[in-house]
Amino acid sequence: MSFVVAIDGPAGAGKGTVTKQVGEKLELINIDTGAMFRCVTLNLLQEKIRLEEQEKIQEILDKIEIDMKETGEIFLNGECVSHKIREDEVNNLVSPVSLNKSVREKLLELQRKIAQGKDIIMEGRDIGTVVFPNADVKIYLDASPEERAKRRMKQNEEKGINSSYEEVLKNIMDRDKRDSTRDIAPLKRAKDAIYIDSTNMIIEEVVDKIVEIVGERKKER
Ligand code: DC
């Protein structure tokens, strides 16, 4: 029987780092579903397919191969795209792509398939609500928009990107609104998810807390 930990929350709440570290500590396979939406987006860009071209999108989805290695590398149709999927071109298009019903259906199927029979920790927006409504542990990881904007500024600085705080904050708030008000699989806290506000917490504290929650849940089973 498999064990599933679902981590949902908005962009910049620390899901990526936390999920990776908890996964390593507890030997759970780490699946970043945002990266899967990014792969579809990159594939559409590579093939110069626009969002209006539904038939062509479907063709892409029918043959897409996304391979998430245990090393963290991500392959799209045989090509390593771990870096490409984090570039601006993809950043700018991934949110609208994630609204597409066929894209969501295809990725939902893949996400469930990847997890079959395995112990996993999966991060995204709709994991505890749609992908695995019966997950063993559900966490909703949040942080204030201002804190998330500060974290994004820091990441940008490290990458040598100049950005204004106001612009980054506005981007985050616009994205939150789009992600949480969309019709299909909106970002929302599952009723039975444990809410963690990481605004004033360091990564290690969040990781320890989740490890403890998972440990307790495993004992109960
Ligand atoms: O977590 P991220 O920034 O890599 O996610 C990229 C986009 O994909 C983001 O706009 C929200 C969307 N997404 C989604 O709709 N559902 C998921 N389970 C994961 C990501």
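That block above? That's the structure.
Residues numbered from 1 in each chain as written. Predicted model: local features only at pLDDT ≥ 70, side-chain atom pairs only at ≥ 80, totals over all residues. Heavy atoms only, no water.

### A word on the packing of helix H1 (residues 15–26) against helix H9 (residues 203–220)
- Running from N to C, H1 and H9 cross one another at 50°; their axes reach a closest spacing of 9 Å. Considering the angle they form, H1 stands oblique to H9. Between H1 and H9 lies a crossing whose hand is right-handed. Here Thr17, Val18, Gln21, Val22, Lys25 and Leu26 of H1 come into contact with H9, specifically with Ile203, Val206, Val207, Asp208, Ile210, Val211 and Val214.
- Taken together, the residues of the contact of H1 with H9 break down into nine nonpolar, two polar and two charged. (Axes fitted to C-alpha atoms, helices over the stretch in contact; angles between N-to-C directions. Helix = DSSP H or I, 4+ residues; strand = E, 2+ residues; numbered from the N terminus. Parallel < 35°, antiparallel > 145°, perpendicular 65-115°, else oblique. Left-handed = near helix turned anticlockwise from the far one by under 90°. Contact = heavy atoms within 4.5 Å. Nonpolar A, V, L, I, M, F, W, Y, C, P; charged D, E, K, R; others polar.)

### Brief notes about the site of the ligand
- Arg38, Arg104, Arg125, Asp126 and Arg182 are the nearest of the 15 residues found near the ligand.
- One of the side-chain nitrogen or oxygen atoms of Arg38 is found 2.8 Å away from an oxygen atom of the ligand.
- No other element matches the four residues that helix H2 (residues 33–46) contributes to the shell around the ligand. (Near = heavy atom within 4 Å. Polar contact = N/O pair within 3.5 Å; in protein donor to acceptor, adjacent residues only side chain to side chain.)

### Considering the packing of H2 against helix H4 (residues 88–97)
- Relative orientation of the contacting elements H2 and H4 amounts to 110°, with a least axis distance of 9 Å. As summarised for this structure, H2 and H4 are arranged roughly perpendicular, according to the angle between their axes. Together, Phe37, Arg38, Val40, Thr41, Leu42, Leu44 and Leu45 of H2 and Glu89, Val90, Asn91, Leu93, Val94 and Val97 of H4 make up the contact between the two elements.
- The class makeup of the residues in the contact of H2 with H4 is nine nonpolar, two polar and two charged.

### Topic: the pattern of salt bridges
- For the structure on display, the rule yields 18 salt bridges.
- For Glu53, the salt bridge goes to Arg50, with nearest N and O atoms at 3.7 Å.
- A relative accessible area of 51% places Arg50 in the exposed class.
- Here Arg151 ties to Glu147 by a salt bridge, and the two come within 3.0 Å at their closest N and O atoms. Remark: Glu147 and Arg151 occur in helix H7 (residues 145–158); sequence separation between them is four residues, near one turn of the helix.
- According to the relative accessible area criterion, Arg151 is partly exposed, its value standing at 22%. (Salt bridge = Lys/Arg side-chain N within 4 Å of Asp/Glu carboxyl O. Buried < 20%, exposed > 50% of the residue type's maximum accessible area, 1.4 Å probe, protein only.)

### Comments concerning empty space enclosed by the protein
- Counted by the stated rule, this structure contains one cavity of 30 Å³ or more.
- Looking at the largest cavity, its volume works out to about 30 Å³.
- Considering the residues around the largest cavity, the lining is formed by Ala6, Asp8, Gly128, Lys138, Ile139, Tyr140, Lys188, Arg189, Ala190 and Ala193.
- Of all the elements in the fold, those that place two or more residues in the lining of the largest cavity are strand E1 (4–8) and strand E7 (137–142).
- Looking at which element gives the most residues to the lining of the largest cavity, the answer is E7, with three residues.
- Tallied by class, the residues present in the lining of the largest cavity amount to five nonpolar, one polar and four charged. (1 Å grid on protein atoms, 1.4 Å probe; cavity = no way out; pocket = protein on both sides within 12 Å on 5 of 7 lines; lining within 4 Å. Points joined across faces, edges and corners; volume = space filled by probe spheres on them.)

### A closer look at the environment of Ser98
- By secondary structure assignment, the location of Ser98 is in the loop between H4 and helix H5 (101–115).
- It is 22 Å that separates the C-alpha atoms of Ser98 and Glu79, two residues lying 19 residues apart in sequence.
- Not counting residues within four places of it along the chain, the set of residues in contact with Ser98 comprises Phe37, Arg104 and Arg182.
- Polar side-chain contacts of Ser98 include one of 3.5 Å to the side chain of Arg182.

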